[in-house]
Amino acid sequence: MKRDPLFFELFKELPGCFFQLIGRPESDAQRFELEAIEYKATSVRLDGVFRPREATIDPVYLWEVQYYSSNKVYANLLTKIGHFLDHGDPAQDWVAVVIYPSRTTEQKNLHPYRSLIESDQLVRIYLDELPPARPDQYEFGILELIAAKPEAALSKAKALVPRVKAAQRPKHFERLLLQFIETVILYQFPQWSRNEVEKMLQVTDIRQTRVYQEALEEGREEGRVEGRVEVLEELAKKMIKLGRPVSEITQLTGLTTAQVRKLTKKK
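Given the structure is predicted, the values throughout are model-derived calculations rather than measurements.

Side note on the sheet that holds strand E5 (residues 122–126)
The sheet built from five strands is open, its strands ordered E1-E2-E3-E4-E5 with mixed pairing. The open sheet has two free edges, formed respectively by strand E1 (32–39) and E5, since each of these has just one partner strand. Across the sheet, the mean angle from the axis of one strand to that of its neighbour is 25°, orientation sign disregarded. With six bridges connecting them, strand E3 (residues 60–65) and strand E4 (residues 94–100) associate as parallel partners. Looking at E4, one finds that Trp63 is bridged to Val97. Those strands touched by helix H1 (residues 4–13) are E1, strand E2 (44–52), E3 and E4, and its axis lies near 145° from that of E3. Helix H3 (residues 73–86) contacts E1, E2, E3, E4 and E5 of the sheet and is inclined by roughly 145° relative to E4.

What follows is the structure, given as C-alpha cells:
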C-alpha cells in the first residue's frame, strides 16, 4: 500500500510535524509551503518539497517516503535532486529527507553514496526508532500509528482518541487530528468502512447523532430553553448510556465532572 499520499496529507495539514521529525522547531513550518513536484517529460516525481515562502538562507527540504526495499533509493534520489536544481535555481541550498518504516527497508549497499550519507544534506528517519510520543505530541502519535502493525495501530489509536478529545486545543485542531487517526486506521484496515472505524474508535461527533438531536428536541417540547441544565442533564444521561467518556460529556454539555459522575451513579 502506498504511504506517500498519507504523509503528504499529514505534512500539508500539520507541517510542524515534519520539522519536529527532522529535529527542527515546529514553528519553522510557518516559513515554508509544501509542494508536490513532478517532471512529466521524465516521469520524475518528488513525494514532497517544503520550499521557503520568502528568499532566505533556509534550505529547501525534499522528502521521500520509502516503504519498500530497493537498491536504487539513493540513485533515484540524486536524480530527483538534480532535476529539481536543473529546473529551478541551481544555487538553491537543499536538504533531502528519506522516511523509512525501519532500517531493514533501507538498501544494503550504501558505499557508493557515502558522500551523501555522511553529509548534512541527508536526513534519514526510521519511524520504528523514534522515541515514544509524549502525551501532548499528538502529531507524533499519528506517526506511531502509521509505523505500527495493524493491530498495534488500532490499540494505539484507541488510546490516542480520548487524549485528543480531552486536550484543551482548538476544535478545528481536534477534528483534524481525529480525521487523521481515522484515515490511518483505514489504511491499516482497508477492508473496513469509515463508519466501522468511527464506531470502533468512538470518534463520531455526538452532536450529529440522532440521540443528541432527540435530547434537544425533547427539551424544546417540554418548554425548556436549549442549554438549560435539565436539557444538558438529559443529554448527558443518553451519552452515559452510549458509553461515552466523562471528559467528552463535560466538554459537549458544559456540565462539571462532579455533575456527570453524579448522573452516572443514578443511571
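Having seen it, we continue.
Observations regarding the pattern of salt bridges
In total, this model carries 13 salt bridges according to the counting rule given. One salt bridge connects Lys80 with Glu64, and the closest N-O pair in it is separated by 2.8 Å. Taken as a pair, Lys80 in helix H3 and Glu64 in strand E3 lie far apart in primary sequence, 16 residues in all. The class of Lys80 is buried, set by a relative accessible area of 16%. Connected through salt bridges with shared partners, the residues Arg24, Asp28, Arg31 and Asp58 form a single ionic network.

Quick look at helix H8 (residues 194–201)
Listing the buried residues of H8 in full gives Val197, Glu198 and Leu201. Buried residues along H8 cover an arc of 100° about the axis, so they all sit on one side. Turned more than 90 degrees from where H8 packs its buried face, Asn195 and Lys199 sit exposed. Buried-residue contacts for H8 involve helix H6 (150–166) and helix H7 (171–188). A positive backbone phi angle near 55° is found at Gln202, which sits one or two residues after H8.

Re the packing of aromatic side chains
Under the definition given, this model contains 15 aromatic pairs. An angle of 50° between the planes, with centres 6.4 Å apart, marks the rings of Phe7 and Tyr67 as tilted. Pair noted here: Phe7 is in helix H1 and Tyr67 is in the loop between E3 and H3, with a separation of 60 residues, a long-range link. Judged by its relative accessible area of 0%, Phe7 is buried. Residue class for Tyr67 comes out partly exposed when judged on its relative accessible area of 24%. Considering the side-chain rings of Phe18 and Tyr61, the 6.0 Å spacing of their centres and the 75° angle between planes classify their relative orientation as edge-to-face. Of the two residues, Phe18 is situated in helix H2 (residues 15–21) and Tyr61 in strand E3; the sequence distance between them amounts to 43 residues. Of the two residues examined, Phe18 and Tyr61, each falls in the buried class. Members of the aromatic cluster, each reached through a chain of ring pairs, are Phe7, Phe8, Phe11, Phe18, Phe19, Phe32, Phe50, Tyr61, Trp63 and Tyr67.

What about the side chain of Glu182?
On the secondary structure map, Glu182 appears in helix H7. The class for Glu182 is buried, based on a relative accessible area of 6%. Filtering out sequence-adjacent residues up to four positions away, Glu182 remains in contact with Arg194, Val197, Glu198, Leu201 and Val203.

Cut-off values and rules
Residues numbered from 1 in each chain as written. Predicted model: local features only at pLDDT ≥ 70, side-chain atom pairs only at ≥ 80, totals over all residues. Heavy atoms only, no water. Pairing = 2+ DSSP bridges. Helix = DSSP H or I, 4+ residues; strand = E, 2+ residues; numbered from the N terminus. Axes fitted to C-alpha atoms, helices over the stretch in contact; angles between N-to-C directions. Contact = heavy atoms within 4.5 Å. Salt bridge = Lys/Arg side-chain N within 4 Å of Asp/Glu carboxyl O. Buried < 20%, exposed > 50% of the residue type's maximum accessible area, 1.4 Å probe, protein only. Arc of directions from axis to C-beta. Phe/Tyr/Trp six-rings, centres within 6.5 Å; stacked < 30°, edge-to-face > 60°.

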